[in-house]
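# Coordinate inspection notes
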Amino acid sequence: MGSSSKASDNPSKVIKTEPLDYKDAKWATLVSITFKDPEGKERLWESAERLTRPKGCDIDAIGVAAILDDPSKPDETPHIVLQKQWRAPADAVVIEIPAGLMDPGESAEECAIRELKEETGYVGRVIEGSFGISPVMFNDPGFCNTNLRMIQVTVDMSLPENQNPQPSLEPGEFIETFTVPLTDLYEECVKFEKEGYVLDARVGTLAQGVEFAKRWKLT
């Protein structure tokens, strides 16, 4: 399932940017951290923090690396599920993987399956073993405390529910889902940038991992 839309097709644009008062913040805030360095010197650090992490949860969000799997076509190149979504902080259409914030009381696996179904319509299954759920990863630890786990999921394309997947997007969500061959992900990322898209770091990192494996013959 390819994508025919272009980055320039999306009419969204930033109208205004202004300071945000702490009392008005719903999703994130800025904090000042006082700490001691290895020499015992006291220092200050400015950091951003999410305000949405559920109590008792060790992560803010999950990302889903979803691979389409058709048992009737074992020799077919696997495809990865990607998305196009305009993001205000980037003021651009971003190439992303399905992702979302944790809800209270749910596990990372449950969050991944829920977000995949809501955003793409696909019904997936978390890969068994330690590879299915990644260690906790920090998005940008020099800037914020936001973290996540990557969840590796397969989508059985032989199941009836995956024949014509329909997303259940929330109001204000405008997401286009498409797939690309996993082996071509790095080349596709290079092409996306030339076409005016912005890459989510998770997509770029996955692409680099695939390219590392190919170039250094790790399999």
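Reference entry: report on the structure contained in this document. Since the structure is predicted, the reported quantities are computational estimates derived from the model, not experimental observations.

A word on the overall build of the protein chain. Counting its regular elements, the protein chain contains three helices and 11 strands. When the elements of the protein chain are put in sequence order from the N terminus, they spell out β-β-β-β-β-β-α-β-β-β-β-α-β-α. Taken over the C-alpha trace, the protein chain has a radius of gyration of 19 Å; the compact-globule value for 219 residues is 17 Å, and the two agree within 12%. Dimensions of the protein chain along its principal axes, counting C-alpha atoms only, are 60 × 40 × 40 Å. Per-residue burial over the protein chain gives 35% buried out of 219 residues. Counting only carbon and sulfur atoms, one obtains 55% of the accessible surface of the protein chain, whose full area is about 13,900 Å².

Glancing now at the pattern of salt bridges. Tallied over the entire structure, the rule returns 15 salt bridges. With a closest N to O distance of 2.9 Å, Asp58 and Arg149 form a salt bridge. With Asp58 in the loop between β2 (42–50) and β3 (61–69) and Arg149 in strand β9 (residues 147–156), this pair connects stretches of sequence that are 91 residues apart. For Asp58, a relative accessible area of 42% gives the class partly exposed.

On the surface, a nonpolar cluster with roughly 260 Å² of combined accessible area is contributed by Ile33, Phe35 and Trp45. With respect to the helices, strands and loops of the structure, Phe35 is situated in strand β1 (residues 28–36). On the basis of relative accessibility, which here comes to 30%, the residue Phe35 falls in the partly exposed class.

Examined bridge by bridge, β3 and strand β4 (residues 79–87) share two bridges and lie antiparallel to one another. The partner of Ile67 across the bridge, within β4, is Ile80. Bridge count for β4 against strand β10 (residues 176–181) is six bridges, and the pairing is antiparallel. For Val81, the partnering residue across the bridge sits in β10 and is Thr179. Pairing of β4 with strand β5 (residues 92–96) involves five bridges; the strand directions are antiparallel. Counted as the bridge partner of Gln85 is Val94 from β5. In this antiparallel pair of consecutive strands, β4 and β5, the connection spans four residues, and Asp91 shows a positive phi of 50°.

Cut-off values and rules
Residues numbered from 1 in each chain as written. Predicted model: local features only at pLDDT ≥ 70, side-chain atom pairs only at ≥ 80, totals over all residues. Heavy atoms only, no water. Helix = DSSP H or I, 4+ residues; strand = E, 2+ residues; numbered from the N terminus. Rg over C-alpha atoms; globule rule 2.2 N^0.38 Å. Buried < 20%, exposed > 50% of the residue type's maximum accessible area, 1.4 Å probe, protein only. Areas by Shrake-Rupley, 256 points an atom, 1.4 Å probe, with all protein chains shown as cover. Salt bridge = Lys/Arg side-chain N within 4 Å of Asp/Glu carboxyl O. Patch = residues over 30% accessible without salt bridge, like charges linked within 9 Å, V, L, I, M, F, W, Y side chains within 5 Å. Pairing = 2+ DSSP bridges.

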